[in-house]
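Residue strings, one per chain:
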Amino acid sequence: MEFSFKALIFFILLVQAVRGTLRQDEEDLEDRLMHPEFRDEIHDARTLRRVGEETQEFWLNQGKEFIRQQQKQQQNTNVAKNVIMFLGDGMGLTTLVAARNYIEGEHTKLSFEEFPYTGLSKTYSVDKITPDSATTATAYLCGVKANYGTIGVNAHVNRDNCEAMRDSSNHVYSIAKWAMDAGKSAGFVTTTRITHASPAGVYAHTADREWENNDDLESYCGADSGLDDIAVQLIHGEVGSRLKVMMGGGKRNFLDKSVYSKGLRTDGRNLIEEYLEMSPRNAYVETREELENLDLTKIDRLLGTFSSDHMDYHLDAIANPSNTQPTLEEMTKKAIEFMQQDNDKGFFLFVEGGKIDLGHHSNKARMALDETKEFSQAIALARQMTSEEDTLIVVTSDHSHTFSVAGYQNRGTDIFSLGTSDSDGMAYSPLSYANGQGYYSYFNDKATKRIDPNLVLTGDANDLFPATAPLSTETHGGEDVGVFAVGPWSHLFTGVYEQNTIPHMMAYAACIGDGLKACDTLS
């Protein structure tokens, strides 16, 4: 009886041990499935590792060095004579991660990631969890959150509401106006149409971002509404008519079809001619050569439209021998030179890398990352051309995208390299989108199976990357976006805050606008 009891105890313990082993094996298997080894036959993971990374001393010393750098930071409480705001349209945090690899490697920093102060901006609008570039422009330029699709108006104005747009008490004004009212110069540069959502936030008040020309507006509000489209507001509006620099694409919205074959206006107007007739010192350019040869000492204002629609992607432009468009860096350089030359009170300049967003909307990740690189280069140049003692530079994005970087590439691997699925044995792209046109290139609906990415991705600039859900155009993402600042009062930009606080902080540093000012605090 005693033997039988001991045998029973032994059997129970044996079963528990086996069960525990099996359970542990199941957990180990699950863990391996969640964290598989990324197979890349041609990769040497050491290629982009820095000397010493395999040691703990490398990382311990790196941590100490960062603390030393932080200890050296001193808050700059000078008044900002100049403010330059860089907007990477659609440049979410994932885009920054992928762009580092595209430029050099994971440890690389984009130019603005070297800035001493960073924060996060909450991008939702009054009516949407995930916003568009119109309502966000109202937030980060005018200091007020509003409704999806509207620009320069408060949330009393719903999209396409002509009568609410007509009520000037619903209009809100950008920091560009605050700067000009204080005697500073103001202007903007973009790679999109100069009437597009982001730059329009500088000067326009509209119930619909699409009302860039009279034909668009009149289709909703009627030919006799008395309301001005965005292009008219740029040339003749309260704010637009005072801007010193306006450069980008979008010539088609300023000209009637009768005077320009690609023109979209139907009212017979030539707004570019109207602008030139305002003053003999108003300059207009259409090519890089004209911009480079412009004598800035002989002009007061500069308008440049370098394409009918949006400007070309940088990769398309450099592949085109007949390209005549300047780069974002070249436009930024000329704008700063012009702003610096004749106004002792300083300036506000808005610079948008707008084609980051358009690349993502098309699921063209390579285009989006290259535009991010171009954006970073323009910021580096602006920092070189100005002084941190009197110039506040703020870099941010209006919203993110559904772009993701999945696992698990080896260090030093090309960010566009493919992994292999352990489920269907087929390649997969670590770069992908939650939705968009890419779906149709990567999934065979009839066969109900994936298409091998090796048959789709060729290394071309216009490659489409995978998307999970089929949509005609990929959507924005709703997560917070980064804010990077250097110069006077840049330490204000730390923390997590509403997007509409950004222009208030810039205005505080520059002592402009009707809100709080550093000058009041210092006095």
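Residues numbered from 1 in each chain as written. Predicted model: local features only at pLDDT ≥ 70, side-chain atom pairs only at ≥ 80, totals over all residues. Heavy atoms only, no water.

Within an unreviewed UniProt entry, the label attached to the protein reads alkaline phosphatase, and the organism entered is Musca domestica. Recorded in UniProt under Sequence similarities (unreviewed entry), the annotation for the protein is "Belongs to the alkaline phosphatase family." (UniProt positions renumbered as here; feature names shortened; annotations may be inferred.)

**Q** Report on the sheet that holds strand 19 (residues 495-498), specifying residues and quantitative values.
**A** Pairing in this open sheet of ten strands is mixed, and the strands run 5-6-4-3-7-1-8-18-2-19 from one edge to the other. Both outer strands of the open sheet, strand 5 (282-285) and strand 19, are each paired with one neighbouring strand and no more. If you compare each strand with its neighbour and ignore which way they point, the axes differ by 15 degrees on average. In terms of strand pairing, strand 2 (residues 117-122) meets strand 18 (residues 481-486) through five bridges, oriented antiparallel. For Gly119, the partnering residue across the bridge sits in strand 18 and is Val483. In the packing of helix 15 (residues 365-385) onto the sheet, contacts are made with strand 1 (82-88), strand 7 (347-353), strand 8 (391-396) and strand 18, and the angle to strand 1 comes to roughly 170 degrees. (Pairing = 2+ DSSP bridges. Helix = DSSP H or I, 4+ residues; strand = E, 2+ residues; numbered from the N terminus. Axes fitted to C-alpha atoms, helices over the stretch in contact; angles between N-to-C directions. Contact = heavy atoms within 4.5 Å.)

**Q** Explain the packing of aromatic side chains residue by residue, including any values.
**A** Under the defined criterion, the tally for this structure stands at 13 aromatic pairs. Taking the centre distance of 5.1 Å and the plane angle of 90 degrees together, the rings of Trp489 and Tyr508 count as edge-to-face. Here the residue Trp489 occupies a position in the loop between strand 18 and strand 19, and Tyr508 occupies one in helix 17 (residues 502-510), the gap between them amounting to 19 residues. For the pair Trp489 and Tyr508, one class covers both residues: buried. A connected cluster of aromatic rings, assembled from ring pairs, spans Phe86, Phe112, Phe375 and Phe484. Residue placement shows Lys251 over the ring face of Tyr260; its charged tip is 4.5 Å from the ring centre. Above the ring of Tyr313, the side-chain terminus of Lys355 is found at 4.0 Å from the ring centroid. (Phe/Tyr/Trp six-rings, centres within 6.5 Å; stacked < 30°, edge-to-face > 60°. Buried < 20%, exposed > 50% of the residue type's maximum accessible area, 1.4 Å probe, protein only. Lys NZ or Arg CZ within 6 Å of the ring centre and 35° of its normal.)

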